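# Structural description and commentary
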Amino acid sequence: MHQISALFLMLLLFGFSGCEEKTNQHNSIPVENTTEVVGQKPQETMNHDRFKVSTHKKSTKTPVDTASLSDTFTLSNTKNIRYTVNVSNKKVTFKENTKPITLITFFASWCPPCMYEIPYFNDLQKKYQTHLFLVGVLTHDTMDTPTVKSFLAKHAIKYYVSNGTQNNDFASLTAKTLHLPQNFPIPLTVMYVEGQYFTHYEGIVPIEMIEYDIEEAIKTLK
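The structure reproduced in this document is the subject of the present report. (Residues numbered from 1 in each chain as written. Predicted model: local features only at pLDDT ≥ 70, side-chain atom pairs only at ≥ 80, totals over all residues. Heavy atoms only, no water.)

Judged by how many residues are buried, strand S6 (residues 132–138) sits mostly within the fold: seven of seven residues are covered. Of the two faces of S6, the one lined by Leu132, Leu134, Gly136 and Leu138 and the one lined by Phe133, Val135 and Val137 are each fully buried. Pairing of strand S5 (residues 101–107) with S6 involves seven bridges; the strand directions are parallel. The partner of Thr105 across the bridge, within S6, is Gly136. In terms of handedness, the path from S5 via helix H2 (residues 112–127) over to S6 forms a crossover that is right-handed. Examined bridge by bridge, S6 and strand S7 (residues 160–162) share three bridges and lie parallel to one another. Across the sheet, Val135 pairs through a bridge with Tyr160, a residue of S7. For the segment spanning S6, helix H3 (residues 145–154) and S7, crossover handedness is right-handed. (Buried < 20%, exposed > 50% of the residue type's maximum accessible area, 1.4 Å probe, protein only. Helix = DSSP H or I, 4+ residues; strand = E, 2+ residues; numbered from the N terminus. Pairing = 2+ DSSP bridges. Right-handed = clockwise from strand over helix to strand, strands pointing away.)

Following this line, the structure appears as structure tokens:
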């Protein structure tokens, strides 16, 4: 009896561990902790082939240092608060930000693992508000401004979220600096310390891992 109960519990846990293909019953692909971004198709025309099986963890790869990977972008939110972002290879700076640690999470409203991270990011922003600037960048998401406002309220997001028109371009260039494919996985979270690349995470990771890295980053501050 105990063996049957344990098996049933495992099946329940597996069933809620990620996304399932719902529109293509003969090709169901569960997803544990990441969602793949594809192209720039409108959300309503995307099929669930964008989902892939992956068990990501904190990356140990060194980003590509290529001279051509540089550009400037403007991020803006529903309150029209803007940040000028300069990307220069491994360095990413927010002109209007004065906090030393920047944590950028590229996410989408249609990505269940991304939704799971929101309350934990709220906690991080509150706990490390002296040092941390946490930025959410909606990527390949078709929500209009009123819908984004409702989305932010529904999920009680306490950190800055950009829904600007240059989000996708910023996300693509950042992914290139990390040597990621064009169809990079989300959530993708990148940490910079005083503008310099520190680490990044592909897919969902334990919040304790990110918190540990923030603590380590604080130790490096002058």
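The discussion continues.
For a regular strand, the rule is simple: side chains alternate between the two faces of the sheet. Most of S5 sits inside the fold, with seven of its seven residues counted as buried. Residue alternation in S5 divides its side chains into two sets, Ile101, Leu103, Thr105 and Phe107 and Thr102, Ile104 and Phe106, and both sets are buried. Bridge count for S5 against strand S9 (residues 188–193) is six bridges, and the pairing is antiparallel. Along S9, the bridge assignment pairs Ile104 with Val190.

The subject of this paragraph is the state of the cysteines. Per the stated rule, a full pass over the model turns up one disulfide. Residue pairing for Cys111: its cysteine sulfur links by disulfide to Cys114, the two sulfurs lying 2.4 Å apart. In this structure, the disulfide formed by Cys111 and Cys114 twists by about 80° around the S-S bond and is classed as right-handed. The pair formed by Cys111 and Cys114 is uniform in burial state, with each residue classed as buried. (Disulfide = S-S within 2.5 Å.)

Attention now moves to empty space enclosed by the protein. One pass over the structure, following the stated rule, counts one cavity of 30 Å³ or more. Taken together, Thr105, Phe107, Cys114, Glu117, Ile118, Phe121, Tyr159 and Pro187 form the lining of the largest cavity. Elements with a contribution of two residues or more to the lining of the largest cavity: S5 and H2. Broken down by element, the lining of the largest cavity gets its largest block of residues, four residues, from H2. Here the residues of the lining of the largest cavity sort into six nonpolar, one polar and one charged. (1 Å grid on protein atoms, 1.4 Å probe; cavity = no way out; pocket = protein on both sides within 12 Å on 5 of 7 lines; lining within 4 Å. Points joined across faces, edges and corners; volume = space filled by probe spheres on them. Nonpolar A, V, L, I, M, F, W, Y, C, P; charged D, E, K, R; others polar.)

Examined against the element boundaries, Gly195 turns out to sit in the loop between S9 and strand S10 (196–202). Here Gly195 falls in the buried class, since its relative accessible area comes to 9%. Each C-alpha atom, one on Gly195 and one on Ile101, is 7.8 Å from the other, the two residues being 94 residues apart in sequence. Non-local contacts of Gly195, meaning those with residues more than four positions away in its chain, are made with Lys90, Lys91, Val92 and Thr93. (Contact = heavy atoms within 4.5 Å.)

A few words on the packing of aromatic side chains. Under the criterion given, the structure shown has eleven aromatic pairs. Ring centres of Tyr83 and Phe94 lie 6.1 Å apart, and the angle between their planes is 70°; this geometry places the pair in the edge-to-face category. Taken as a pair, Tyr83 in strand S3 (residues 82–88) and Phe94 in strand S4 (residues 91–94) lie far apart in primary sequence, eleven residues in all. In this structure Phe94 comes out as buried when scored by relative accessible area, which is 6%. Judged by centre distance (6.3 Å) and plane angle (45°), the ring pair of Phe133 and Tyr160 falls under tilted. Taken together, the positions of Phe133 in strand S6 and Tyr160 in strand S7 put the pair 27 residues apart, joining distant regions of the chain. (Phe/Tyr/Trp six-rings, centres within 6.5 Å; stacked < 30°, edge-to-face > 60°.)

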